[in-house]
Amino acid sequence: MDSKREKDQDADCEKVTAVLLKSRTGEFDLESILFLKLRSLGVHDLGCLGECVNLEKLDLSGNNITNLAPLASLRLLSILNLSANRISSIEPLRSCESLQNLNVAGNIISSIENLHCLGSLRKLENIRLKDNTYNYTNPVCRNVSYRAVVLEMFPNIKVLDGERVVGRGSDLYQLCKDIDDTIKAGLYKNGQLIEHPDCKPWVEDSYWEIKRSNNAIIEEAYKQFNDVLHECRLLNNRATHVISQTERSMSLKKQPKQYAI
């Protein structure tokens with residue numbers, strides 16, 4: 001009965017209280033809380049959340065939050081999910097100097113200027129302002145130059161809206177994006193792609209060639225792998241031959257004996 005009552009209280013708690021935090025984490029001291037998930041609880045007021053000064057990961061998605069002031073004291077916070085709320089200003093986050101991953105998709109952030117407060121966060125690598133999977137976005141994302149401006153504003157960013165923009169895999173993301181943009185632009189006519197004589201290949205002819213390494217260790221491993229692969233092929237051929245002979249022998253034994261009269 002008590003556990004049911006606690007679940008009912010958690011299902012609709014407008015304000016974050018010490019009692020709520022302790023019941024959700026099992027920690028008696030708020031400063032001992034490192035990870036916290038308060039997803040879809042109807043939270044409107046963050047209350048005493050700022051007292052969890054050692055918090056590293058926080059999920060507040062799917063609530064009714066508008067004011068982020070209590071988060072200003074969370075200097076150790078590295079991952080923050082604020083998606084699907086009613087946030088228009090993220091100014092208090094400028095104090096979260098350890099922030100690396102920020103998700104504010106599905107809010108009401110209206111202009112690029114609202115993002116300037118994040119400029120001092122040197123560790124910030126991943127920002128999400130829209131999420132096509134859940135159809136979350138922000139009014140600022142409607143700006144034609146939104147993506148280019150955000151990337152210029154945050155030169156250290158590695159992932160924007162779920163797409164890697166630098167590092168391993170970024171070229172593939174860009175290639176897929178170019179393909180999608182081409183299709184969306186409606187360049188097909190009667191089911192056929194309109195030819196453009198001035199178009200050049202996206203990559204050089206040698207892009208898909210396998211480049212052999214000069215590293216002696218890798219070369220030796222490559223050679224050993226080919227030798228093992230060759231032995232496997234020989235064993236497979238030998239096994240196939242033995243199986244074939246065995247099947248032929250068994251079929252002869254099963255044939256009925258014929259007697260001449």
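To start, this report covers the structure provided alongside it. Since this is a predicted model, take the numbers as computed values, not measurements.

Further remarks concern helix α3 (residues 146-153). Buried residues of α3: Y146, V150 and M153, and no others. The buried side chains of α3 occupy one side of the element, clustering within an arc of 65° when seen end-on. Turned more than 90 degrees away from the buried face of α3, the exposed residues are A148 and E152. Against the buried residues of α3 lie β6 (159-160).

A separate point is the side chain of N138. Locating N138 in the fold gives a position in the loop between β5 (126-128) and α3. Excluding anything up to four places from it in sequence, N138 contacts V104, A105, G106, N107, I108, I109 and L129.

Let's shift gears to the side chain of S83. With respect to the helices, strands and loops of the structure, S83 is situated in the loop between β3 (79-81) and β4 (101-103). Since its relative accessible area comes to 6%, S83 is described here as buried. Here S83 is in contact with L60, S61, G62, N103, V104, A105, N107 and Y136, once residues within four sequence places are set aside.

The next subject is the packing of aromatic side chains. With the rule as written, the count across this model stands at one aromatic pair. Measuring from ring centre to ring centre gives 5.6 Å for Y134 and Y136, while their planes differ by 25°; the resulting arrangement is stacked. Owing to a relative accessible area of 29%, Y136 belongs among the partly exposed residues under this scheme. In this structure, K22 is placed above the aromatic ring of F28, and the distance from its NZ or CZ to the ring centre is 4.7 Å.

Another point: the sheet that holds β3. Here we have seven strands laid out as an open sheet, ordered β1-β2-β3-β4-β5-β6-β7, and mixed in their pairing. The open sheet is flanked by β1 (35-37) and β7 (163-164), the only strands paired with a single partner. Direction of pairing for β1 relative to strand β2 (residues 57-59): parallel, over a ladder of three bridges. Each bridged residue has a counterpart across the sheet, and for F35 the counterpart in β2 is K57.

Here the focus is the environment of A84. Considering the arrangement of structural elements, one finds A84 in the loop between β3 and β4. Separated by 19 residues in sequence, A84 and N103 have C-alpha atoms that sit 9.5 Å apart. Residue contacts for A84: discarding those within four places in its chain leaves G62, N63, A105, G106, N107 and Y136.

On to unusual backbone geometry, then. For A84, which is not glycine, the phi dihedral falls at a positive 60°. The backbone phi angle of N135 is positive, close to 60°, even though this residue is not glycine. Tracing the chain through its elements places N135 in the loop between β5 and α3.

With 48 residues, the main nonpolar core has L21, L49, L58, L71, L82, I90 and L93 as its most contacted residues. Here this core takes three residues from α3, the largest share from any one element. When near neighbours in sequence (up to four residues on either side) are disregarded, L49 contacts V16, L21, L36, L55, L58, L60, L71 and L74.

About the thresholds
The residue count restarts for each chain, going from 1 along the sequence in the order it is written. Thresholds applied to this predicted model are a pLDDT of at least 70 for local features of residues and 80 or more for the giving and counting of side-chain atom pairs; totals over whole chains, interfaces and linings are not thresholded and use all residues. Hydrogens and water molecules were not included; the side-chain quantities draw on all heavy atoms of the structure. Partly exposed residues are those whose accessible area sits between 20% and 50% of the maximum for their type, while under 20% is buried and over 50% is exposed, using a 1.4 Å probe and protein chains only. The helix count covers DSSP runs of H or I at least four residues long, the strand count covers runs of E at least two residues long, and both are numbered beginning at the N terminus. The arc in question is formed by the directions pointing from the helix axis toward the C-beta atoms. Between two residues, a contact is recorded if the distance between any of their heavy atoms is within 4.5 Å. Aromatic pairing here means that ring centres of Phe, Tyr or Trp (its six-membered ring) are within 6.5 Å. Orientation follows from the plane angle: under 30 degrees is stacked, over 60 is edge-to-face, and everything else is tilted. A positively charged side chain is recorded as over a ring if its NZ (Lys) or CZ (Arg) lies within 6 Å of the ring centre. The angle to the ring normal must also be within 35 degrees. A pair of strands is considered paired only if DSSP assigns at least 2 bridges between the two. Here the nonpolar core consists of buried residues drawn from Ala, Val, Leu, Ile, Met, Phe, Trp, Tyr and Cys, with membership extended through side-chain atoms lying within 4.5 Å.

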